[in-house]
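Here is what each chain is made of, one letter per residue.
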Amino acid sequence: EILDPTRSAIRIDPSKVSLQVTNAFGLGRAEPEIVGLMEGKVTRSLKRLDAAEEKVVDEFQSLQVPQDDDDGEGGEGKTDGGEKFWEPKLSKLEQQYMAQAMERQKNNITSVQRCWGKEFKGDAFLAKPSTIIFKDFVVGQRYKQVVEVTNVSLTFNQFKLLPLDEAVRDFFEIKFQPPGRMSAGVTCTITIWFVPKLNEDIYSEFPILAKTGRIAFPLQCTTRKTVLTILPQDSHGAPLVDFGKVLRGEFG
């Protein structure tokens with residue numbers, strides 16, 4: 001019986017379409033002609049696999065970045081840990097397009113908010129408390145404050161946290177879950193942990209970036225201080241020091 005496993009041959013030719021062997025082939029008792037045909041079939045399959053593998057290797061090598069480009073044509077190289085990386089050398093037109101694209105991206109970070117023909121001006125988010133204060137701190141202790149941030153703009157808005165000043169960022173730990181787009185009047189919370197390491201006052205800001213612009217909330221951390229109060233005082237609250245009756249030339 002002649003077989004056509006692919007069902008695509010118009011003319012069924014047993015020498016090309018299929019080879020039906022008997023059970024003697026698997027037991028080592030097949031005729032030499034059958035064994036030769038099967039060996040030829042396996043050899044052709046291996047050759048096709050080798051050719052396909054060589055083709056894939058050639059394509060992969062053609063996609064690799066040239067490592068030794070000393071003449072500098074078509075790109076520039078940078079060395080990082082002994083390895084040289086290729087970078088494309090942009091033309092003047094490409095550099096101009098790149099600069100324009102970066103400028104468009106920078107301008108799209110913030111935008112003017114308009115709602116029903118009215119333009120919003122001012123800070124889009126307000127903090128409660130308005131000034132973040134850690135008062136009378138002691139070095140080595142840990143302080144916590146929860147700040148409520150409310151969207152006071154005309155419509156949807158969103159914000160993200162900006163890095164603190166490098167001089168003070170190591171003293172603070174911030175826990176914040178981004179709420180995404182916030183409707184007008186919606187409030188979210190920011191938890192700020194303060195771990196003082198120096199006995200010095202800190203006057204900085206807590207910055208955020210909203211869709212309508214950058215906002216900075218005052219951040220103050222003050223040490224314990226001694227306040228002197230002198231009694232009695234006059235009617236204006238100025239301290240009075242009474243030495244009693246003294247004579248000129250004498251010391252009280």
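Note on numbering: residues in each chain are counted from 1, in written sequence order. The predicted origin of the model limits local features to residues at a pLDDT of at least 70 and limits the giving and counting of side-chain atom pairs to 80 or more, whereas totals for whole chains, interfaces and linings rest on all residues. In computing side-chain properties, one takes all heavy atoms of the structure into account and sets aside hydrogens as well as water.

Describing the overall build of the protein
Then, number 1: Broken down by element type, the protein carries two helices and 12 strands.
Then, number 2: For the protein, the succession of helices and strands along the chain, N to C, is α-β-β-α-β-β-β-β-β-β-β-β-β-β.
Then, number 3: Counting all 252 residues of the protein, 18% fall into the buried class.
Then, number 4: In this description, accessible areas are obtained by the Shrake-Rupley approach with a 1.4 Å probe, and a residue is regarded as covered only by the protein chains that are shown. Accessible surface, the protein as shown: approximately 20,200 Å² in total, 53% of it carbon and sulfur. Strands are runs of DSSP state E lasting at least two residues, helices are runs of H or I lasting at least four, and both sets are numbered from the N terminus onward. Accessibility here uses a 1.4 Å probe with only protein chains present; expressed as a share of the type maximum, an area under 20% marks a residue as buried, one over 50% as exposed, and anything in between as partly exposed.

Regarding the sheet that holds strand S9 (residues 172-175)
Then, number 1: The four strands are arranged S5-S7-S10-S9 in an open sheet whose pairing can be described as antiparallel. At either margin of the open sheet sits one strand with a lone partner, and together these are strand S5 (125-128) and S9. If you compare each strand with its neighbour and ignore which way they point, the axes differ by 25 degrees on average.
Then, number 2: Strand pairing follows a simple DSSP-based rule, namely that at least 2 bridges must link the two strands. Looking at chain direction, S9 and strand S10 (residues 187-194) are connected through four bridges and run antiparallel. By the bridge assignment, Phe172 is partnered in S10 with Phe194. Convention adopted: a line fitted to C-alpha atoms gives each axis, helices being fitted over their contacting stretch, and angles between N-to-C directions are expressed from 0 to 180 degrees.

Here we look at the pairing of strand S7 (residues 143-151)
Then, number 1: Of the two faces of S7, the one holding Tyr143, Gln145, Val147, Val149 and Asn151 is buried and the one holding Lys144, Val146, Glu148 and Thr150 is not buried anywhere.
Then, number 2: The pairing of S5 with S7 spans four bridges and is antiparallel. Considered in S7, the bridge of Phe125 is made with Asn151.
Then, number 3: Across eight bridges, the pairing between S7 and S10 is antiparallel. Within S10, the residue paired with Thr150 across the bridge is Thr187.

What to know about the sheet that holds strand S8 (residues 159-161)
What links the strands of a sheet is backbone hydrogen bonding, and the strands pair in either a parallel or an antiparallel sense.
Then, number 1: The sheet built from four strands is open, its strands ordered S6-S12-S11-S8 with mixed pairing. Each edge of the open sheet is held by one strand with a lone partner, namely strand S6 (132-137) and S8. Mean inter-strand twist for the sheet, computed between neighbouring axes without regard to direction, equals 25 degrees.
Then, number 2: The pairing of S6 with strand S12 (residues 213-223) spans four bridges and is parallel. For Phe134, the partnering residue across the bridge sits in S12 and is Cys221.

Some points on the pattern of salt bridges
Then, number 1: By convention in these notes, a salt bridge is any Lys or Arg side-chain nitrogen within 4 Å of a carboxyl oxygen on Asp or Glu. Using the criterion set out here, one finds four salt bridges in the structure.
Then, number 2: Close ionic contact of Arg114 with Glu119 constitutes a salt bridge, the shortest N to O distance being 3.7 Å.
Then, number 3: Judged by relative accessible area, Glu119 falls into the partly exposed class, the value being 35%.
Then, number 4: Between Glu173 and Arg142 there is a salt bridge whose closest N-O contact spans 2.9 Å. Linking Glu173 in strand S9 with Arg142 in the loop between S6 and S7, this pair joins segments that are 31 residues apart in sequence.
Then, number 5: Of the residues examined, Glu173 reaches a relative accessible area of 39% and is grouped as partly exposed.
Then, number 6: Of the residues examined, Arg142 reaches a relative accessible area of 46% and is grouped as partly exposed.

Topic: a negative patch on the surface
Then, number 1: On the surface, a cluster of negative charge is made up of Asp50, Glu53, Glu54, Asp58 and Glu59.
Then, number 2: In this structure, Asp50 sits in helix H1 (residues 32-63). Residues form patches when they are more than 30% accessible in relative terms and have no salt bridge. Like charges link within 9 Å. Nonpolar side chains (Val, Leu, Ile, Met, Phe, Trp, Tyr) link within 5 Å. None of His or the chain ends enter the tally, which takes Lys and Arg as positive and Asp and Glu as negative. The atom standing in for a charge is NZ when the residue is Lys, CZ when it is Arg, CG when it is Asp and CD when it is Glu.

Here we look at unusual backbone geometry
Then, number 1: Following Lys128, the chain continues into Pro129 via a peptide bond in cis, with omega recorded as 5 degrees.
Then, number 2: As for its placement among the helices and strands, Pro129 is situated in the loop between S5 and S6.
Then, number 3: Positive phi outside glycine occurs at Trp116, with the angle close to 55 degrees.
Then, number 4: Secondary-structure assignment places Trp116 in the loop between strand S3 (114-115) and strand S4 (118-119).
Then, number 5: A positive phi angle is found at Asp136, which is not glycine, with a value near 55 degrees.
Then, number 6: Considering the arrangement of structural elements, one finds Asp136 in strand S6.
Then, number 7: Overall, the relative accessible area of 36% leaves Asp136 in the partly exposed class.

Take it as geometry only, folks, not as evidence of what the structure does.
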